[in-house]
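Take a look at the letters that make up each chain.
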Amino acid sequence: MGIRTGAQYIDGLKSRKPEVWLGGEKVEDIVNHPVFKQPILEIAKLYDMQFDPAYQDKITHICEETGERISNAFLVPKSSEDIKKRGDLFEAYAKSTFGLMGRTPDFLNIVLTSMASNSWFLDKYNPEWSKNVQNYFKFVRDNDIFLTHAIINPQNDRSKPSYEQKDLFTHLGAVEETVDGLVVRGAKMLATLAPITDEVIIYSFPGFHEGDERYALAFALPIDTPGLKILCREQMQDGKRSFFDHPLASRFEEMDAVLVFEDVLIPWNRVFIHNNVEAANNLYPKTGIAQQPAHQSGVRGYVKLAFAVEVACRLADSIGVDVYLNVQNDLGELLQSVETIRALLRVSEIEYETLPSGEVRPAWEPLETIRGLLPTMYPRAIEVIQTIGAGGLLMSPTEADFEHPELRDAMDKYYVGREGVSSLDRIQLFKLAWDLCGEAFGQRALQYERYYTGDPIRKRAIYYNQMKRKKTFSMVDDALNGAKNLKGVSTNLANSKVN
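Residues numbered from 1 in each chain as written. Predicted model: local features only at pLDDT ≥ 70, side-chain atom pairs only at ≥ 80, totals over all residues. Heavy atoms only, no water.

Undergrad: Explain the packing of aromatic side chains to me, and be specific about the residues and the numbers.
TA: For any pair of aromatic rings, geometry is given as the distance between the ring centres together with the angle between the planes. Scanning all chains against the criterion turns up 15 aromatic pairs. Aromatic pair Tyr 203 and Tyr 284: ring centres 6.1 Å apart, planes at 55°, arrangement tilted. One end of the pair, Tyr 203, is in the loop between strand S8 (199-202) and strand S9 (217-222); the other, Tyr 284, is in helix H8 (residues 277-287), with 81 residues separating them in the sequence. Classification of Tyr 284 by relative accessible area gives buried; the value is 13%. Grouped by ring-pair contacts, the aromatic residues Tyr 9, Tyr 47 and Phe 146 constitute a single cluster. (Phe/Tyr/Trp six-rings, centres within 6.5 Å; stacked < 30°, edge-to-face > 60°. Helix = DSSP H or I, 4+ residues; strand = E, 2+ residues; numbered from the N terminus. Buried < 20%, exposed > 50% of the residue type's maximum accessible area, 1.4 Å probe, protein only.)

Now the structure itself:
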């Protein structure tokens, strides 16, 4: 089939009945539920972009194997041009959602593509696992499947490993092997957008030790598989807010969930790793499933940061405070942060690395630098928005106020901005800013940016240790050797004068 339309994506959702729980109630109709309805339409727009003449050739291509048109997320890059093609897809999707939906279909499709193109390492452990990954990749590619994932354990007692938790299956683990497949039990998180996806893929970060064998798992299955419960967090919006009052929260609520597996059967052809600590620890480094998706998350983060900075600049202009030096300094800082991320992305795309297979990856160092900077740059942008908007962010009237004939004169008089900025324009801008920096929706987006890639302190420490192994810091030696040579020259000159 290849690429599918937004309508086909929605039809797929209608055909399934996943067990989704939200606010203590089981959701029976995902497509028409007020919390999920608009986010579903936003995802559908991304699928429709694949058929839009303005985007199609930029974000899709013809598959050499099938002859069908497929997303660039399934492109195994062999050149810098291929990397750019994938970057065009990332940017198009990110701009459509202002970078506020971090787990759009392109993200995990990139993960799976990287996993499949490097599944050879699994041959050492079980050739069937490698074959399963490759076959699953083809299934997702050829049917344009929307994936979620859950790759971390619930936050229980983090001082103990999984096998020492109060219940052996608090964290997701294998229960038994059967003729038909592997039975698993326990929980994983953080499955973003899970209720409105087609399938889920499970894998984990490295860090398994002896005793963790039952938890060393990687597999995939349909989101409506019997025994799989989707426990949603509290919604950030009720689905009934108007676009005027909440222009972002009303559209881009990206639901997160804990997945609970109650003796779920995983068919053997969907098992990628099982009961092998070494294989599970090698999944990330051998397949590049951190590095390739870092390109997508970097582009998305760049767009999200650029959007927040634009909001800050327009907010300051609307009330005329950008004439003050301190505000100009803050906005200049934000604009430079956007340019920093943009430059790092370009460097990663130009200074790519080539694997022995011929596959190319964007350079690791600049992408990991982006991952280190965004958790501080984005919160800084939000802080500046809060500072500029100040009390005005708390005092916005509603759409109903503007529409009431007895209040409209007051609205126009007391909520006007600087000269040339109407009350309507100013309030709409302030509402946009509040959605981004003050509402629960915006705070979730902020927390996401801080931690979506893991503990930022730990990540930066890992970066240092890896760079320490790669670099010799030879300029220090050059400087010291130069000083020694200079000292030798000085000694010889002094001796020559004495003689």
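Still more ground to cover, so stick around.
Undergrad: So what's going on with the UniProt feature "domain: HpaB/PvcC/4-BUDH C-terminal" (unreviewed entry) in the chain? Residues and values would help.
TA: The UniProt record marks residues 280-480 with the feature "domain: HpaB/PvcC/4-BUDH C-terminal" (unreviewed entry), using the residue numbering of this structure. Taken end to end, residues 280-480 comprises 74% helix and 2% strand; its first and last C-alpha atoms sit 44 Å apart. (UniProt positions renumbered as here; feature names shortened; annotations may be inferred.)

Undergrad: Let's hear about the UniProt feature "domain: HpaB/PvcC/4-BUDH N-terminal" (unreviewed entry) in the chain: which residues, and what values?
TA: Mapped onto this numbering, the UniProt entry gives "domain: HpaB/PvcC/4-BUDH N-terminal" (unreviewed entry) at residues 5-273. Taken end to end, residues 5-273 has its terminal C-alpha atoms 33 Å apart, with 30% of it in helix and 22% in strand.

Undergrad: Tell me what's going on with the side chain of Thr 113, and back it up with residues and numbers.
TA: On the secondary structure map, Thr 113 appears in helix H5 (residues 105-117). Of the polar contacts made by the side chain of Thr 113, one reaches the backbone oxygen of Ala 73; its length is 3.0 Å. With sequence-adjacent residues up to four places away left out, Thr 113 is seen in contact with Ala 73, Phe 74, Leu 75, Val 76, Arg 86 and Phe 137. (Polar contact = N/O pair within 3.5 Å; in protein donor to acceptor, adjacent residues only side chain to side chain. Contact = heavy atoms within 4.5 Å.)

Undergrad: Outline the domain arrangement of the chain, supporting the account with residue identities and numerical values.
TA: How large an interface is tends to be reported as the accessible area lost when its parts come together. Split by domain assignment, the chain resolves into domain 1 (6-287) and domain 2 (291-470). A straight line from the C-alpha centre of domain 1 to that of domain 2 covers 26 Å. On the domain 2 side, the residues contacting the 43 residues of domain 1 number 36 residues. Taking both partners together, domain 1 and domain 2 bury about 3500 Å²; carbon and sulfur atoms supply 63% of that area. The tally of links between domain 1 and domain 2 comes to 4 salt bridges. (Domains from an automatic or database assignment. Buried area = accessible area lost by both parts, 1.4 Å probe. Salt bridge = Lys/Arg side-chain N within 4 Å of Asp/Glu carboxyl O.)

Undergrad: Summarise the packing of helix H4 (residues 80-96) against helix H9 (residues 291-318); cite the residues concerned and give the values.
TA: Running from N to C, H4 and H9 point in directions that differ by 40°, and their axes come no closer than 9 Å. As summarised for this structure, H4 and H9 are arranged oblique, according to the angle between their axes. The hand of the H4/H9 crossing is right-handed. The segment H4 lies against H9, with Ile 83, Arg 86, Gly 87, Phe 90, Glu 91, Ala 94 and Lys 95 engaging Gln 292, His 295, Gln 296, Val 299, Arg 300 and Val 303. Each residue belonging to the contact of H4 with H9 can be placed in one class, and the counts come to 5 nonpolar, 4 polar and 4 charged. (Axes fitted to C-alpha atoms, helices over the stretch in contact; angles between N-to-C directions. Parallel < 35°, antiparallel > 145°, perpendicular 65-115°, else oblique. Left-handed = near helix turned anticlockwise from the far one by under 90°. Nonpolar A, V, L, I, M, F, W, Y, C, P; charged D, E, K, R; others polar.)

Undergrad: Account for the sheet that holds strand S6 (residues 173-177), with residues named and values stated.
TA: One open sheet accounts for 6 strands, arranged S2-S1-S10-S11-S7-S6; its pairing is mixed. On the outer flanks of this sheet lie strand S2 (25-27) and S6, each paired with one strand and no other. With strand direction ignored, the average angle separating the axes of adjacent strands in the sheet is 20°. As paired elements, strand S1 (residues 19-22) and S2 share 3 bridges and run antiparallel to each other. Bridge pairing in S2 links Val 20 to Val 27. (Pairing = 2+ DSSP bridges.)

Undergrad: Go over the environment of Ser 79 with me, naming the residues and quoting the values.
TA: Mapped onto the secondary structure, Ser 79 falls in the loop between strand S4 (69-71) and H4. Expressed as a C-alpha distance, the spacing of Ser 79 and Arg 408, which sit 329 residues apart in the sequence, is 59 Å.

Undergrad: Hey, could you go over the layout of surface pockets for me, with residue numbers and the actual values?
TA: Estimated volume of the second largest pocket: approximately 380 Å³. What lines the second largest pocket is a set of 16 residues, and nearest its centre among them are Glu 65, Phe 74, Val 76, Phe 137 and Arg 141. Secondary-structure elements contributing two or more residues to the lining of the second largest pocket are strand S3 (60-62), H5 and helix H6 (127-143). Residue composition of the lining of the second largest pocket, by class: 8 nonpolar, 4 polar and 4 charged. (1 Å grid on protein atoms, 1.4 Å probe; cavity = no way out; pocket = protein on both sides within 12 Å on 5 of 7 lines; lining within 4 Å. Points joined across faces, edges and corners; volume = space filled by probe spheres on them.)

Undergrad: Please set out the sheet that holds S8 residue by residue, giving values where relevant.
TA: Taken in spatial order, the 4 strands line up as S5-S8-S9-S12 in an open sheet, and their pairing is mixed. One side of each edge strand has no neighbouring strand; the edge strands of this open sheet are strand S5 (147-150) and strand S12 (271-274). Pairs of neighbouring strands in the sheet enclose a mean axial angle of 20°, with direction left out of account. Sheet topology note: the S9/S12 ladder contains 3 bridges and is antiparallel.

Undergrad: Give a description of the state of the cysteines that names residues and reports values.
TA: Scanning the model with the defined rule gives 0 disulfides in all. Cysteine Cys 313 remains unbridged, with the sulfur of Cys 437 as its closest cysteine sulfur at 14 Å. (Disulfide = S-S within 2.5 Å.)

Undergrad: I'd like a description of helix H10 (residues 325-350), backed by residues and values.
TA: With 26 residues, H10 should reach 38 Å at 1.5 Å per residue; the first-to-last C-alpha distance of 37 Å fits that figure. Residues of H10 that are buried include every one of Val 327, Asp 330, Leu 331, Leu 334, Ser 337, Val 338, Ile 341, Leu 344, Leu 345, Ser 348 and Glu 349, and no others. Turning to H10, the residues buried within the fold contact H4, H9 and helix H11 (364-389). (Expected span 1.5 Å × (residues − 1).)

Undergrad: Lay out the pairing of strand S11 (residues 257-267) with the relevant residues and their values.
TA: One ladder, built from 8 bridges, connects strand S7 (residues 181-189) with S11; its direction is antiparallel. Paired with Gly 186 across the two strands is Phe 261, which belongs to S11. Pairing of strand S10 (residues 228-232) with S11, which is carried by 5 bridges, proceeds in the antiparallel orientation. Across the sheet, Ile 230 pairs through a bridge with Leu 259, a residue of S11.

Undergrad: Which residues make up the nonpolar core, and what values do they have?
TA: For soluble globular proteins, the rule of thumb is that nonpolar side chains tend to be buried together. Ranked by size, the top nonpolar core spans 134 residues in total, and within it Phe 36 and Tyr 203 carry the most contacts. Considering each element in turn, this core owes the most residues, 13 residues, to H9. Split by domain, the residues of this core number at least three in each of domain 1 (6-287) and domain 2 (291-470). Ignoring anything within four residues of it in the chain, the contact list for Tyr 203 reads Leu 108, Val 111, Met 115, His 149, Ala 150, Ile 151, Leu 217, Ala 218, Leu 283, Tyr 284 and Ile 289. (Core = buried A, V, L, I, M, F, W, Y, C linked by side-chain atoms within 4.5 Å.)

Undergrad: Describe in detail the environment of Asn 281, supporting the description with residues and values.
TA: Structurally, Asn 281 can be placed in helix H8. Each C-alpha atom of the pair Asn 281 and Phe 208 lies 6.3 Å from the other, and the pair is 73 residues apart in sequence. When residues no more than four places from it in sequence are discounted, the contact partners of Asn 281 are Pro 206, Gly 207 and Phe 208.

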